[in-house]
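What follows is the residue order along each chain.
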Amino acid sequence: MSRIIIYLLIVPLFISCAGYNLDEINTYQTNLKKEWENPETTPLKEDEKDSFQGIQFFPIDKKYIVNADFTPIENGKTIPFPTSAQKIKHYKEYGKLNFKLNGNLHELTIYQSDPPIEGYENSLFLPFMDETNGDTSYGGGRYLDFEITDIQSNKLRIDFNKAYNPYCAYSKYYNCPIPPANNYLDTEIKAGVSYSE
C-alpha cells in the first residue's frame, strides 16, 4: 500500500514538471550573456562597450512557462509600431494567445513582420509590457521570438524565462519597436532579462 501512495504522489510531480527544461533555459540565458559580452558578437558599438554592465536575469521560475491557446487572426491588420527612434516598423497580426498566469486570464497578440524579413519568413514576434517595466525590467518592454512551427494543435508554449530586452535598452544606435498597448499584461512578469538604470 505504501508503494502505491508514493507512486500517486510522485506521478503528479513529474507531470507538473513536464516540458520544464532547466538546462535549456540556462543554456539560452548563458548564450545571450556571451553574445553581449563577447567583443566579436556584441551588438554594442565601440563607444558603449566600456560602460556596459552586463545582462542580468530574474531567477528562473517555472510558473512563468504557460501553454497558451492560439487563435489565428484571419486577414490580420498590418499595424504601424512606433519605435524608440521615433520611426515606424510594420507588423501584421498573426494570432491571439490566451493563457492563465498569476491567477488571472491574459491575452497577447503575436505578430509577423510585414513584409516578412528575408530568411525569417517563418518568424513570429511577441512584444509585451508588464507591471515590472521601469522598475525591475526595461521601461520599453521586452520581446519573445517564435517560429510558426512552434504552434502545435492550436497551442503555443510561452516561456517568459526567455524574455529579452530590445537592443535599445543598452544602445542608442538601434531602432526598436515599442510593444502596443493591447500587449500590456496587468501582472508582474518576474522572469527573463531584468534591468536597472
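Going by the structure above, here's the rest.
All residue numbers refer to position in the chain's written sequence, counted from 1. Local features in a predicted model are, by the rule used here, given only for residues with pLDDT of at least 70; side-chain atom pairs are given and counted only at 80 or more, and totals for whole chains, interfaces and linings are based on all residues. Side-chain calculation: all heavy atoms of the structure are included, whereas hydrogens and water are not.

Undergrad: So what's going on with the overall build of the protein chain? Which residues, and what values?
TA: For the protein chain, the count of helices and strands is 3 helices and 9 strands. Strands here mean DSSP runs of E at least two residues long; helices mean DSSP runs of H or I at least four residues long; both are numbered from the N terminus. Along the protein chain, helices and strands appear, N-terminal first, in the series α-α-α-β-β-β-β-β-β-β-β-β. Three labels apply to residues, based on accessible area from a 1.4 Å probe with only protein chains included: buried if under 20% of the type maximum, exposed if over 50%, partly exposed otherwise in between. Put simply, the protein chain has 197 residues, and 40% of those count as buried. Residues count as neighbours in contact if any of their non-hydrogen atoms are within 4.5 Å of one another. Pairs at least 24 residues apart make up 64% of the contacts formed inside the protein chain by residues separated by at least 6 positions. Surface accessibility follows the Shrake-Rupley procedure with a 1.4 Å probe radius. Residue values consider only the protein chains on display as shielding. Looking at the protein chain as shown, the accessible area adds up to about 11,800 Å², and 52% of this sits on carbon and sulfur atoms.

Undergrad: Can you break down the packing of aromatic side chains residue by residue, with the values?
TA: Classification of ring pairs rests on two measures: the distance between centres of Phe, Tyr or Trp rings, Trp counted by its six-membered ring, which must be within 6.5 Å, and the angle between planes, read as stacked under 30 degrees, edge-to-face over 60 and tilted in between. Within the structure shown, the criterion is met by 15 aromatic pairs. A centroid spacing of 5.7 Å and a plane angle of 90° characterise the contact between Tyr143 and Tyr164, whose relative ring orientation is edge-to-face. With a gap of 21 residues between them, Tyr143 in strand E7 (residues 142–147) and Tyr164 in the loop between strand E8 (155–159) and strand E9 (193–194) connect regions that are remote in the sequence. Assessed through its relative accessible area of 17%, Tyr164 is described here as buried. Three or more aromatic residues joined by ring pairs form one cluster here, namely Trp36, Phe52, Tyr138, Tyr167, Tyr170, Tyr174 and Tyr195.

Undergrad: Let's hear about the state of the cysteines: which residues, and what values?
TA: For the purposes of this analysis, a disulfide is any pair of cysteine sulfur atoms at a distance within 2.5 Å. Within this structure, the stated rule accounts for 1 disulfide. Paired by a disulfide, Cys168 and Cys176 hold their sulfur atoms 2.0 Å apart. The chirality of the disulfide connecting Cys168 with Cys176 is right-handed, given an S-S dihedral of about 95°. We note that Cys168, like Cys176, is buried.

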